[in-house]
Amino acid sequence: MDTTDTSNVVLITVDSLRADAIGPYAPERHTPVIDSLADRGTVFDHAFATGNWTPFSFPSILASRPVFADTGRIGVDESTTLPTALSETGVSTGGFNAANGFLTSHWGYDDGFDEFEPFVASVGSSIYSRYLATHPTVEAWIQLATAPIRRLGSKLRGNTDDRPFLDTSRMFDVEHAARSFIEDRDSPFFLWVHYMDTHTPYVPAPRYIREVSSNLLGTHRMLHAHTRTGLGLEVGERTLADLRTLYQAAVRQVDASIGRLLDTLSANGVADETAVVLAGDHGEEFQEHGHLAHYPKLYDELIRVPLVVDVPGDSGGRVERQVGLDAIPPTVTDLLDVDPAPDWRGETLVPSVLGDEPPVDEPVVSVAVRGEEVTAQPIPRSLSDGDLLVSVRDRDWTYIENVDEGSTELYYRPSDPDQQEDLSTDPTAEQRRVIERFGRLAEGHAAALRDRTESATDDDDIDAGLEARLEALGYR
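Keep in mind it's a predicted model, so treat the numbers as computed, not measured.

### Topic: the overall build of the protein
From N to C terminus, the protein includes 14 helices and 17 strands. In the protein, once contacts between residues fewer than 6 apart in sequence are set aside, the share between residues at least 24 apart is 71%. Carbon and sulfur atoms form 46% of the exposed surface of the protein, whose accessible area is close to 19,000 Å².

In structure tokens:
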């Protein structure tokens, strides 16, 4: 199939989505829509984010650049973004983000979009909405209190779709905007949709809790789990299991929304000419290394993410070699027969998707910045906010270095998939070679970022509404 047969591309990114949270990577998971997408498309078995949270990973996803590389700060203000490269050639572009405060015009993410809506502005528009934004668990209490009435009303109306009473994740807002964009556009177009349902706190509709837990987890246990974690109480096995179930229910909620998005493509007669790219921006930890959520660490639960590319008419398959999310922009431009920006770091994956050519065999570099405490800190916005951690990965090895302290870790994932046995303390000759090779890559990456950061200026004033949204996500 010639790539010019693809007129449109839809990029779906899901916040905090681990690879092992969906069926293509873990068959026991319940994600029927994504499973079907993967059955048709190409699944990249070893796809890695370039950072542990959204502002560290998205410069790669939408600009194919490492975080800090262009301004010394988070964001893409001075980068050539994917929508910019496309819009300059006449491709219509739309971007809809479900209220992640780090994906707004403040950090340049509106660049190149004909239509862009981050759904952040309404936060703080009233005392009530601002309170809900900064106390998300209250929304779960509201859902619990109204659940019997809502379910009775749904039954009387013959409506079995038990949607949440409150659009806590802005999922329906994003769906509506995406649907309108598709309906109003002629080909070619590029549409980006970003979901937040799988970002903590997880508040899925009860329907999806029942789907993934065989009716064993009620909304009251959802509240119990969130209350314990919100108050900093000890998280035991039951609470941890409940959090995992809530997370999987939120994944299923996204899965259903993606299904409705794909139905919109079909209803408008463009499904057969539209490629779909699905990716997580980073993962989520459930105490694999002692914490919850996605604090500044670089283990696989935070860095290994799903990446699926479905091109109409292609037979699909699976790709073993490692790839970074910076491959997304050049892949999308390749599918739409547009030249990539010359300063993009990633390489197109189209030869792997439409043929048998493996991706470039280069390790994937990821970074985090850690302050004095792992969990109690403002989110880093420059290298001056803490120690720089750099990881280097190929298909088998994970190398992690705190380049400020000089400490290193090495893991062999085929025999240690959870990365619990640090081999750097007493390495074999082969392991020393890996440490030396990956260490040079880590040091080179760190040096390049530091050179750029030295010239950066700190002018990161944020308005009150955006600050409220970031606080709602757990950031300061």
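Here the narrative resumes, following the displayed structure.
### Thoughts on helix α6 (residues 171-184)
In this model α6 runs 20 Å from its N-terminal to its C-terminal C-alpha over 14 residues, within 8% of the 20 Å that 1.5 Å per residue would give. Burial in α6 covers these residues: Met171, Phe172, Val174, Glu175, Ala177, Ala178, Phe181 and Ile182. Looking at the buried residues of α6, the elements they touch are β4 (92-97), β5 (115-117), β6 (189-195) and α9 (237-267).

### Considering the pairing of strand β17 (residues 407-412)
Examined bridge by bridge, strand β16 (residues 397-402) and β17 share six bridges and lie antiparallel to one another. By the bridge assignment, Glu401 is partnered in β17 with Thr408. Taken together, β16 and the strand that follows it, β17, pair antiparallel across an intervening segment of four residues, in which Gly406 is found at a positive phi of about 85°.

### Here we look at the confidence of the model for the protein
A residue-level look at the protein finds 78% of positions with pLDDT of 70 or above and a mean pLDDT of 84. Here residues 122-137 scores under 50 on pLDDT; set against residues more than four positions off or in separate chains, the count is 25 contacts.

### Description of the pattern of salt bridges
This model, assessed by the stated rule, comprises 16 salt bridges. Put simply, Lys297 and Glu285 hold a salt bridge, and the shortest N to O gap is 2.7 Å. Of this pair, Lys297 sits in the loop between β9 (292-293) and α10 (300-303) while Glu285 sits in strand β8 (residues 285-286), and the two are 12 residues apart along the sequence. Judged on exposure class, the residue Lys297 and its partner Glu285 are both buried. Ionic contacts of the salt-bridge type, sharing partners, join the residues Arg207, Glu211, Arg252 and Asp255 into one network.

### Considering the packing of aromatic side chains
Applying the stated criterion across every chain, the model contains 13 aromatic pairs. Note on Trp53 and Phe56: the rings are 6.1 Å apart at their centroids and 85° apart in plane angle, and the pair reads as edge-to-face. Of the two residues, Trp53 and Phe56, both sit in the buried class. The rings of Phe58, Tyr109, Phe113, Phe116, Phe190 and Trp192 are connected pair by pair, giving a single aromatic cluster. One Lys or Arg, Arg318, reaches over the ring of Tyr25 and ends 5.9 Å from the middle of that ring.

### Re unusual backbone geometry
Each neighbour pair has its own omega, and for Ser187 with Pro188 the value is -5°, a cis peptide bond. Counting through the fold element by element, Pro188 comes out in the loop between α6 and β6. For Ser64, which is not glycine, the phi torsion reads 50° and is therefore positive. Looking at where Ser64 falls in the secondary structure, it is placed in the loop between α2 (54-63) and α3 (82-87). Of note in this structure, Gln419 is not a glycine but carries a positive phi near 55°. As for its placement among the helices and strands, Gln419 is situated in the loop between β17 and α13 (429-453).

Rules behind the numbers
- Residues numbered from 1 in each chain as written.
- Predicted model: local features only at pLDDT ≥ 70, side-chain atom pairs only at ≥ 80, totals over all residues.
- Heavy atoms only, no water.
- Helix = DSSP H or I, 4+ residues; strand = E, 2+ residues; numbered from the N terminus.
- Contact = heavy atoms within 4.5 Å.
- Areas by Shrake-Rupley, 256 points an atom, 1.4 Å probe, with all protein chains shown as cover.
- Expected span 1.5 Å × (residues − 1).
- Buried < 20%, exposed > 50% of the residue type's maximum accessible area, 1.4 Å probe, protein only.
- Pairing = 2+ DSSP bridges.
- pLDDT = per-residue confidence, 0-100.
- Salt bridge = Lys/Arg side-chain N within 4 Å of Asp/Glu carboxyl O.
- Phe/Tyr/Trp six-rings, centres within 6.5 Å; stacked < 30°, edge-to-face > 60°.
- Lys NZ or Arg CZ within 6 Å of the ring centre and 35° of its normal.

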